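Structural features, examined
As a plain string of letters, each chain reads:
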Amino acid sequence: MIKHNMLDNGIPISISLQPTLEAEHISQKQTKDKRRVLTISLLAISVAVCISFIAKFLIYLINLVTNISFHGSLSMAAATPADNTLGIWVIFVPAIGGIIIGLMALYGSKAIRGHGIPEAMEQILTNDSKIKPAITYLKPISSAIAIGTGGPFGAEGPIIATGGALGSTIGQLLKITHNERKVLLAAGATAGMAAIFGSPIAAIFLAIELLLFEFSPRSIIPVALACITGAAGHHFLFDSGPVFPIAHTIEMPGNMALFCYSLLGILIGGLSVLVTKIVYFIEDFFEKLPIHWMWWPAIGGLFVGVIGYFAPRTLGVGYNNITDVLSASLPVKIMLSLCLLKFTSWAIALASGTSGGTLAPLLTIGGASGALLGGVILYLFPGCGITITLAALVGMSAMFAGASRALLTSIIFALETTGQSNAILALLAACTAAYLVSFFLMENTIMTEKIARRGVKTPDSFAPNILDEISVADVIEENGLVLNEENAIGEVREWLEQEKEYKNNFFIIVNNENAFKGIISCSSLFSRQQDIRKPISTLIRRKPVTIGMSSSLKTAVEMMVNENVDVLPVVSDDQNIVGVLSYSNILSAYKIDMAKFHRADPHISIKRGALKMLIKGQKLVSTSKNRN
């Protein structure tokens, strides 16, 4: 007989595709293969080793171009454009570099333009983490030319882009998944950062906050190993000490000082918003120019040269500027030039579409701003307990936190590159304040504004998978239609012809004890080859997958995807059919999760509690009167 006692509606369900998949040699694994994590980790370490040497090569190349451009010598020794003797001709050096960059972008790859991280984010979000292999060599060469000819950029952006391109290229050559390619891209990018700055922990957080958009063992283990390898490469190829050493030890600030640093973070947060908006305002200006974009880097380079003529410290990478700012050894005039003129030079050059990084300029501008504002606070409140060195460090970190909203990266980076652990409370207070200001005043960040304008939505939150937290029993439907296995084929056909509203193509079959037996398709039921006198149980070809009440919705979704079904029969421990799980039920789980964030109801009622206390007091008074 046809059973209506439990399910009233039809159940759209497909027979398992497993035999077909096996025939096509397609493996559907439902359990995680932990050996894949080991494989990807080994690949990530290999990428990190390669990118460490590429980082060293990039620094040598920057030094070579700098020496040729500003000192006329063929040398790879460390050099700075600030002490050049070119006079007025220094104006044209960055412009020449811009022309070369424009030609490389036009005839090589347009992807070399920009500062690296937004481009990597875009490829992760829209292109399955596929970056053109040519970027692996075009990006470091173009960046070396841009920086070596006076571009006010850092080497970290290009090496991050190069590392990401190398990881992506290896991922495209091998037979791996899109997610594994993303992990290799992030591993290469962050290993490059660790190789330049010797900051592996900050690099890991950079991957989490800006590249991976997830936190799981399959992603964090390869990235962490790559960052450790990159840091080892830094110690082997560069130096084992902090990149920005501070001669004295910073003392732990008091409460009054922490309040001042928090105020400083608010101010720097506002500046970070202003910096971001000005950069993209200038970029919009370049977009309106009636000339080909190939010439934009040359125009930007001309402005860089003019500013560099009057303020030579604004030219080039300027890592020494950061060290000098942190040491509080620079006069106010130079601090102002680094704060204002370095920003102007960098903003115009970056907006022009040349090749270079943003981290070093942001650190320089933020550090100089922090030192200047710290000096003002110290002048107005001499007993507040702040120091210029820590104010500069706080400004440096808060600027990056506000502009990129990479909060943890900013804090850990400052600690790793200076070795000043006593600064952690001040950094936490200031960076959180800057992050708060940026969050409320700016929709996108300096890293995401460009790709947001192209319609790419960047994830901005990390939350546990709610499907892991909700079980099947919480959302299943307990009404629908099932058929008894003893029903004759002809009997079922006649019933379905009368039930015109029934539109589903598959039916769940149970026995007299309500135990699940299998499913049949509508096409099989109405096939002319079937003997209408036989029971419908003869139409069952194989038993499909079922799911238990206690299973998580994540397990259910994985089964649906692997079996290519829209619903799953839900069975009890004794294999009795108890309901059906559909995609609509799974969507209801998100409705439950949304209620956690949007429904604001008090759990404890003060009014109700007060009334209870009043009633209880009245009872006690009445009881005592009766006793008396």
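What you see is a predicted model, and the numbers here were worked out from it, not measured in a lab. (Residues numbered from 1 in each chain as written. Predicted model: local features only at pLDDT ≥ 70, side-chain atom pairs only at ≥ 80, totals over all residues. Heavy atoms only, no water.)

Now for the overall build of the chain. For the chain, the count of helices and strands is 24 helices and 7 strands. Across the chain, contacts joining residues at least 24 apart in sequence account for 76% of those joining residues at least 6 apart. Taken as a whole, the chain presents about 29700 Å² of accessible surface, with 62% of it coming from carbon and sulfur. (Helix = DSSP H or I, 4+ residues; strand = E, 2+ residues; numbered from the N terminus. Contact = heavy atoms within 4.5 Å. Areas by Shrake-Rupley, 256 points an atom, 1.4 Å probe, with all protein chains shown as cover.)

Secondary-structure assignment places S397 in helix α15 (residues 388–404). Here the side chain of S397 touches S410 through a polar contact of 2.8 Å, landing on its backbone oxygen. Those residues in contact with S397 that lie beyond four places of it in its chain are S410, I411, A414, L427 and C431. (Polar contact = N/O pair within 3.5 Å; in protein donor to acceptor, adjacent residues only side chain to side chain.)

Here the structure, examined in full by the defined rule, presents 10 aromatic pairs. Between W89 and F92 the ring centres are 5.9 Å apart and the planes differ by 45 degrees, which places this aromatic pair in the tilted class. The interplanar angle of 65 degrees and the centroid separation of 6.2 Å between the aromatic rings of F244 and Y319 together place this pair among those described as edge-to-face. In this pair, F244 is assigned in the loop between α9 (217–237) and α10 (255–287) and Y319 in helix α12 (residues 319–326), connecting sequence segments 75 residues apart. For the pair shown, F244 and Y319 are each scored as buried. Among the aromatic side chains, those forming a connected cluster through ring pairs are F197, F244, Y319 and F413. The ring of F238 has K56 lying over it, and the distance from NZ or CZ to the ring centre is 4.7 Å. (Phe/Tyr/Trp six-rings, centres within 6.5 Å; stacked < 30°, edge-to-face > 60°. Buried < 20%, exposed > 50% of the residue type's maximum accessible area, 1.4 Å probe, protein only. Lys NZ or Arg CZ within 6 Å of the ring centre and 35° of its normal.)

Non-glycine residue A328 carries a positive phi angle of around 55 degrees. Residue position: A328 is located in the loop between α12 and α13 (332–351). On the accessibility criterion, A328 (36% relative accessible area) is partly exposed. Positive phi values are uncommon outside glycine, yet R405 reaches one of about 55 degrees.

With respect to the element layout, S337 can be found in helix α13. Residue classification places S337 among the buried positions, given a relative accessible area of 14%. With sequence-adjacent residues up to four places away left out, S337 is seen in contact with A311, T314 and K342.

Let us now look at the pattern of salt bridges. One pass over the full model with this rule turns up 4 salt bridges. The shortest N-O distance in the salt bridge between E180 and R36 comes to 2.8 Å. Remark: R36 occurs in helix α2 (residues 34–71) and E180 occurs in helix α7 (residues 178–197); sequence separation between them is 144 residues. For E180, a relative accessible area of 12% corresponds to the buried category. Residues R453 and D284 are paired through a salt bridge, measuring 2.5 Å at the closest nitrogen-oxygen approach. (Salt bridge = Lys/Arg side-chain N within 4 Å of Asp/Glu carboxyl O.)

With 84% of its residues at a pLDDT of at least 70, the chain reaches an overall mean of 81. Least confident of the elements in the chain is helix α1 (residues 18–23), whose mean pLDDT is 43; most confident is helix α17 (residues 424–441), at 94. With pLDDT under 50 throughout, residues 1–31 is counted as low confidence; its partners more than four residues away or in other chains account for 80 contacts. (pLDDT = per-residue confidence, 0-100.)

Bringing a nonpolar patch on the surface into the picture now. On the surface, I88, W89, F92, I96, I100, L302, V306, Y309 and F310 cluster together into a nonpolar patch covering about 900 Å² of accessible area. Take the nonpolar patch: its biggest share by element is 4 residues, from helix α11 (residues 296–310). Relative to the elements of secondary structure, I88 occurs in the loop between α2 and α3 (92–107). Residue class for I88 comes out partly exposed when judged on its relative accessible area of 43%. (Patch = residues over 30% accessible without salt bridge, like charges linked within 9 Å, V, L, I, M, F, W, Y side chains within 5 Å.)

Attention now moves to the packing of α7 against helix α8 (residues 200–212). Viewed as axis vectors pointing N to C, α7 and α8 meet at an angle of 140 degrees, and their least axial separation amounts to 9 Å. It follows from the interaxial angle that α7 and α8 lie oblique. By crossing handedness, the relation of α7 to α8 is classed as right-handed. Contact residues: α7 offers K182, V183, A186, A189, T190, M193 and A194, while α8 offers P200, A202, A203, L206, A207, L211 and L212. Across the contact of α7 with α8, the residue classes break down as 12 nonpolar, 1 polar and 1 charged. (Axes fitted to C-alpha atoms, helices over the stretch in contact; angles between N-to-C directions. Parallel < 35°, antiparallel > 145°, perpendicular 65-115°, else oblique. Left-handed = near helix turned anticlockwise from the far one by under 90°. Nonpolar A, V, L, I, M, F, W, Y, C, P; charged D, E, K, R; others polar.)

Attention now moves to the environment of E156. Within the element layout of this structure, E156 appears in helix α6 (residues 156–173). Considered as a pair, E156 and G192 are 36 residues apart in the sequence and their alpha carbons are 7.4 Å apart. Not counting chain neighbours up to four residues away, the residues in contact with E156 comprise F197, Y319, G357, T358, L359, A360 and P361.

Time to look at the nonpolar core. In this structure, M193, Y261, Y319, W346 and L393 are the most contacted members of the largest nonpolar core, which totals 134 residues. Looking at which element gives the most residues to this core, the answer is α7, with 12 residues. Excluding its chain neighbours within four sequence positions, the residues that come into contact with Y261 are P253, I386, T387, L390, A391, V394, A426 and A430. If you look at the next biggest cluster of nonpolar residues, it comprises 16 residues, including I470, I476, M559 and A589. (Core = buried A, V, L, I, M, F, W, Y, C linked by side-chain atoms within 4.5 Å.)

Across its 18 residues, α6 extends 26 Å between first and last C-alpha, which sits within 8% of the 26 Å expected from 1.5 Å per residue. With 15 of 18 residues buried, α6 is to be regarded as a mostly interior element. (Expected span 1.5 Å × (residues − 1).)

On to the environment of A257, then. For A257, the position within the fold is in helix α10. Those residues in contact with A257, other than ones at most four positions away along the chain, are C384, G385 and I386.

Residue position: K342 is located in helix α13. Its relative accessible area of 0% is what places K342 among the buried residues. On a C-alpha basis, the gap between K342 and P361 in space is 7.5 Å, while along the polypeptide they are 19 residues apart. Once residues within four sequence positions are removed from consideration, K342 is found in contact with P152, T314, G316, V317, S337, T364 and I365. A polar contact is formed between the side chain of K342 and the backbone oxygen of G316, at a distance of 3.2 Å.

Look at α2 against α9: their axes get within 8 Å of each other, and the N-to-C directions meet at 30 degrees. Relative to α9, the element α2 is oriented roughly parallel. As α2 packs across α9, the resulting crossing turns out to be right-handed. Together, V37, I40, S41, A44, I45, A48, V49, S52, F53 and K56 of α2 and P217, R218, I221, P222, L225, A226, T229, G230, G233 and L237 of α9 make up the contact between the two elements. Broken down by class, the residue content of the contact of α2 with α9 amounts to 13 nonpolar, 5 polar and 2 charged.

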